[in-house]
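Listed here are the chains, written in short residue letters.
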Amino acid sequence: MGFTIAIDGPAAAGKGTVSRAVAAHFGFAHLDTGLLYRATGRRTLDGTDPVEAARNLQAHDLEAEDLRGPDVTQAASRVAAIPEVRQALVDFQRAFARRAGGAVLDGRDIGTVICPDAEVKLFVTASDDIRANRRWKELREKGFEDSYDDVLADLRTRDARDSARAAAPLKPADDAVTLDTSRMSIDEAIAAAIEMIEARR
Ligand code: C5P
């Protein structure tokens, strides 16, 4: 039988790192669902209709090199507010979640909408300041020169849009366990997540 772990939370809270490590630890497949919205958003930058872009998404679109830049990031959050875009991406995510060997999906609405029956739901979060600092460092390592203030402002705009939208807003599922990584190192956050999952297995 499949075993699904849903990991949601705001931008740069550590979801991606925790999800990859958890998947490796349990030998599960991992899907970063933000990539679906990023790849859709990227296609709209040249004028492609967002719903068309989502419906025609191909596996190789998720491997494009430039999915993490600021323009694509904001475009992702804009297209993610469109119900038809979200709808077009549901089947792929649910099929992934049902993999026999177990799956970890991370995003914003995995525990609430995509996999409401997931065996484990974590909501990974951290303070705005800590998240912006982490994202700023990450961007610098990739060669982007945005200022810390711009990164913080972008993050807040995106979180506000993700939380306020009518379609699958960012929020913890009622049965999710919250993991606040503000005061944790990466290793501590990973260990805490594994412990929470072990307790529910
Ligand atoms: O997780 P990541 O920061 O890569 O996601 C990029 C954007 O995609 C988010 O700001 C959000 O608008 C959208 N997203 C979503 N639902 C998901 C995953 C991502 O709406 N499950």
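Quick caveat: nothing in here was measured; it's all calculated off a predicted structure.

## Structural notes on the nonpolar core
Counting residues in each nonpolar core, the largest one holds 21 residues, and the members touching the most others are Ile-5, Ile-7, Val-22, Val-104, Leu-122 and Ile-197. Of all elements in the fold, only strand S1 (4-8), helix H1 (15-26), strand S4 (120-125) and helix H9 (186-198) reach the threshold of two or more residues within this core. Ranked by residue count, the leading element in this core is H9, at seven residues. In this structure Ile-5 touches Val-22, Phe-28, Ala-103, Val-104, Leu-105, Val-120 and Ile-197, once residues within four positions along its chain are discounted. Among the nonpolar cores identified, the runner-up in size contains 15 residues, and Leu-57, Leu-67, Ala-80 and Val-85 belong to it.

## Remarks on the pattern of salt bridges
With the rule as written, the count across this model stands at eleven salt bridges. A salt bridge links Asp-66 to Arg-42, with the shortest nitrogen-to-oxygen separation between them at 2.7 Å. With Asp-66 in the loop between helix H3 (50-55) and helix H4 (70-79) and Arg-42 in helix H2 (residues 34-44), this pair connects stretches of sequence that are 24 residues apart. Asp-66 sits in the partly exposed class, given a relative accessible area of 40%. The salt bridge partner of Glu-138 is Arg-135, with a shortest N-O separation of 3.1 Å. Of this pair, Glu-138 and Arg-135 are both found in helix H7 (residues 128-141), three residues apart, which corresponds to roughly one turn of the helix. Overall, the relative accessible area of 34% leaves Glu-138 in the partly exposed class. Counted as one network, the salt bridges with shared partners bring together Asp-128, Arg-131, Arg-156 and Asp-159.

## With respect to the site of the ligand
Contacts to the ligand come from 15 residues, most closely from Arg-38, Arg-86, Arg-108, Arg-158 and Asp-162. Between the ligand and Arg-108, the relevant distance is 2.9 Å, taken from an oxygen atom to a side-chain nitrogen or oxygen of the residue. Contact between the ligand and Asp-109: a nitrogen atom at 2.9 Å from a side-chain N or O atom of the residue. When the ligand is considered free in solution it has 450 Å² of accessible area, and contact with the protein chains removes 98% of it. The cavity that encloses the ligand is the largest pocket. Among the elements that make up the shell around the ligand, the one with the highest residue count is H2 (three residues).

## Let's talk about the packing of H1 against H9
The interhelical angle for the contact between H1 and H9, taken along N-to-C directions, is 55°, at an axis separation of 9 Å. Judged by the angle between their axes, H1 and H9 are oblique. For the pair H1 and H9, the sense of crossing is right-handed. Of the residues in H9, those touching H1 at Thr-17, Val-18, Ala-21, Val-22, His-25 and Phe-26 are Ile-186, Ala-189, Ile-190, Ala-193, Ile-194, Ile-197 and Glu-198.

## Some remarks on the UniProt feature "binding site: ATP" (unreviewed entry) in the chain
Per the UniProt record, the feature "binding site: ATP" (unreviewed entry) sits at Gly-9, Pro-10, Ala-11, Ala-12, Ala-13, Gly-14, Lys-15, Gly-16 and Thr-17. Lining residues of the largest pocket drawn from the annotated list: Pro-10, Ala-11, Ala-12, Ala-13, Gly-14, Lys-15, Gly-16 and Thr-17. Within the secondary structure, Gly-9 sits in the loop between S1 and H1. The contact partners of Gly-9, leaving out residues within four places of it in the chain, are Lys-15, Gly-107, Arg-108, Phe-123, Val-124 and Leu-170. Note on placement: Lys-15 falls in helix H1.

## A few points about the pairing of S4
Counting buried positions along S4 yields six of six residues, so the element is predominantly enclosed. Burial of S4 is two-sided: the residues Val-120, Leu-122 and Val-124 facing one way and the residues Lys-121, Phe-123 and Thr-125 facing the other way are all buried. Where S4 meets strand S5 (residues 177-180), four bridges bridge the pair, whose relative direction is parallel. Within S5, the residue paired with Thr-125 across the bridge is Asp-180.

## Brief notes about the UniProt feature "domain: Cytidylate kinase" (unreviewed entry) in the chain
What UniProt calls "domain: Cytidylate kinase" (unreviewed entry) maps, in this numbering, to residues 5-45 and 60-198. With 56% helix and 20% strand, residues 5-45 has end C-alpha atoms that lie 32 Å from one another. Segment residues 60-198 splits into 53% helix and 11% strand. End C-alpha atoms: 34 Å apart.

Calculation criteria
Residues numbered from 1 in each chain as written. Predicted model: local features only at pLDDT ≥ 70, side-chain atom pairs only at ≥ 80, totals over all residues. Heavy atoms only, no water. Core = buried A, V, L, I, M, F, W, Y, C linked by side-chain atoms within 4.5 Å. Buried < 20%, exposed > 50% of the residue type's maximum accessible area, 1.4 Å probe, protein only. Helix = DSSP H or I, 4+ residues; strand = E, 2+ residues; numbered from the N terminus. Contact = heavy atoms within 4.5 Å. Salt bridge = Lys/Arg side-chain N within 4 Å of Asp/Glu carboxyl O. Near = heavy atom within 4 Å. Polar contact = N/O pair within 3.5 Å; in protein donor to acceptor, adjacent residues only side chain to side chain. Areas by Shrake-Rupley, 256 points an atom, 1.4 Å probe, with all protein chains shown as cover. 1 Å grid on protein atoms, 1.4 Å probe; cavity = no way out; pocket = protein on both sides within 12 Å on 5 of 7 lines; lining within 4 Å. Sits in = over half its atoms within 2 Å of the grid points. Axes fitted to C-alpha atoms, helices over the stretch in contact; angles between N-to-C directions. Parallel < 35°, antiparallel > 145°, perpendicular 65-115°, else oblique. Left-handed = near helix turned anticlockwise from the far one by under 90°. UniProt positions renumbered as here; feature names shortened; annotations may be inferred. Pairing = 2+ DSSP bridges.

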